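Spelled out from the first residue to the last, the chains are:
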Amino acid sequence: MSNYEFNTQDRKSIKDFFSTPKEVVITTHHKPDGDALGSSLGLLHILQAQGHRVTVVVPSEFPAFLNWMKGSKDVIDFIRNPKGAKEHLAKAEVVFCLDFNDPSRVEKMQADLNNVKATMILIDHHLDPKKGFCDFQFSFPSIGSTAELLVHIMMDFGWDEHLNRDSAECLYTGIMTDTGSFRFNSVSDQTHLVIARLMKEGVRNDRIHELIYDTNSFIRTKFLGYTLSEKMLQIEEYNVVIFTASQTDMDRFNHEPGDLEGIVNFGLSIKNMKVAVLFSERDGLVKISFRSKGLFSVKDIAEKYFEGGGHKNAAGGRSKLNLEDTVKKFVELLPLYKKELQTVRENE
Ligand code: 5GP
Ligand code: MN
């Protein structure tokens, strides 16, 4: 069914390994998003249905708009419960690393992840996986989400027979959020094939969309309005839009994790804009979210200048400079990319 070929030797080794009950930990990147948590919980349900003991351990808190997913209440957050997280990692026989490909992406949990004795299995769609990070690596950067890749693997292994509505809804969420609701160019016929498979389990797509996108608090919506009207800057010459969110503003609007999610996309909703960037103060650093359209790669800028990485059209990074100086540093880089930023989209 699926167009993706998985190494038959790996498939056999993994299937043999899981033929008896195992102690499993599933982990994902710092600040888990819809794909990170959705794919982790989707896999949790499928493995549990096969009789394995499975725990999802996350390096830090996930946003509240994901807490309706089945199994989310039992997720162990390393920051809140380091002892529990360490215990599970230490006793695991197998650790799945989902939606990241470099141990540094688990931030404060990195030492514990590096120390595990377990077999490590990577399932991810980011470019350039770190060599030797895991024993088995399913790395497919052309696929739009880890959740989609996971369903291809499940279908290939014949494990999709264990899907049910709960797991299918977690996986659907991962695909929906990482593809901007099925609009990015990473969406393929294979994506829709996977969606069709998930829909068979009775996924309530309209409800999921509401749970993810229509659960803003009043104050969060005011924060969005304030940021759009007061903290958005357009650099027309380069087709770039910048947003800033200071700690003071976040405190004023009772900022909660995930509140800034999606704001950056408003920049790309402006005609002809190619790049949108959100700079926000967090834990004494400036966190940067980059988004772009077309061929322009924000991953390169994030990697080269802002200690980050990600995908061509969605990347993140950080800066130790203050908010103002970080923005200045970014703006001063733009002339280096003048030609690409000024190329009209139709001519790409
Ligand atoms: P976001 O802006 O939503 O935080 O991140 C966008 C994308 O960039 C996500 O795919 C995320 O995994 C990736 N990303 C964010 N921050 C970093 C980082 O510091 N390093 C790397 N390698 N990827 C990042
Ligand atoms: Mn992802």
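Above this text is the structure in question.
As a starting point, this report considers the structure included with it. Treat the numbers as computed from the prediction; the structure is a model and nothing was measured.

Things to note about the site of ligand 1
Piece 1. Surveying the vicinity of ligand 1 reveals 13 residues, the closest of which are Arg-105, Lys-287, Ser-289, Arg-291 and Arg-318.
Piece 2. Measuring from an oxygen atom of ligand 1, one finds a side-chain N or O atom of Arg-105 at 2.8 Å.
Piece 3. Between a nitrogen atom of ligand 1 and a main-chain N or O atom of Gly-309, the distance comes to 3.1 Å.
Piece 4. Taken by itself ligand 1 offers 500 Å² of open surface, and the protein chains cover 81% of this.
Piece 5. Secondary-structure elements contributing two or more residues to the shell around ligand 1 are strand E10 (285-292), strand E11 (309-310) and strand E12 (314-319).
Piece 6. Looking at the shell around ligand 1, the element that brings in the most residues is E12, giving four residues.

Considerations on the pairing of strand E4 (residues 94-98)
Piece 1. With five of five residues buried, E4 lies mostly within the body of the structure.
Piece 2. Residues Val-94, Phe-96 and Leu-98 line one face of E4 and the alternating positions Val-95 and Cys-97 line the opposite face, and both faces are buried.
Piece 3. The pairing of E4 with strand E5 (residues 119-124) spans five bridges and is parallel. The partner of Val-94 across the bridge, within E5, is Thr-119.

Focus: the sheet that holds strand E8 (residues 240-245)
Hydrogen bonds along the backbone pair up the strands of a sheet, which may run parallel or antiparallel.
Piece 1. The strand order across the open sheet formed by six strands is E7-E8-E9-E10-E12-E11, and the pairing between neighbours is mixed. At either end of the open sheet lies a strand with only one pairing partner, and these are strand E7 (232-235) and E11.
Piece 2. As paired strands, E7 and E8 are joined by four bridges and run antiparallel to one another. Its bridge partner lying in E8, Ile-235 is registered against Val-240.
Piece 3. In this fold helix H13 (residues 323-333) packs onto E7, E8, strand E9 (275-282), E10 and E12, with an angle of close to 155° to the strand it touches most, E9.

Thresholds, definitions, all that
Residues numbered from 1 in each chain as written. Chains lettered and ligands numbered in written order. Predicted model: local features only at pLDDT ≥ 70, side-chain atom pairs only at ≥ 80, totals over all residues. Heavy atoms only, no water. Near = heavy atom within 4 Å. Polar contact = N/O pair within 3.5 Å; in protein donor to acceptor, adjacent residues only side chain to side chain. Areas by Shrake-Rupley, 256 points an atom, 1.4 Å probe, with all protein chains shown as cover. Helix = DSSP H or I, 4+ residues; strand = E, 2+ residues; numbered from the N terminus. Buried < 20%, exposed > 50% of the residue type's maximum accessible area, 1.4 Å probe, protein only. Pairing = 2+ DSSP bridges. Contact = heavy atoms within 4.5 Å. Axes fitted to C-alpha atoms, helices over the stretch in contact; angles between N-to-C directions.

From the geometry alone we can't say anything about function, so treat these as descriptive.
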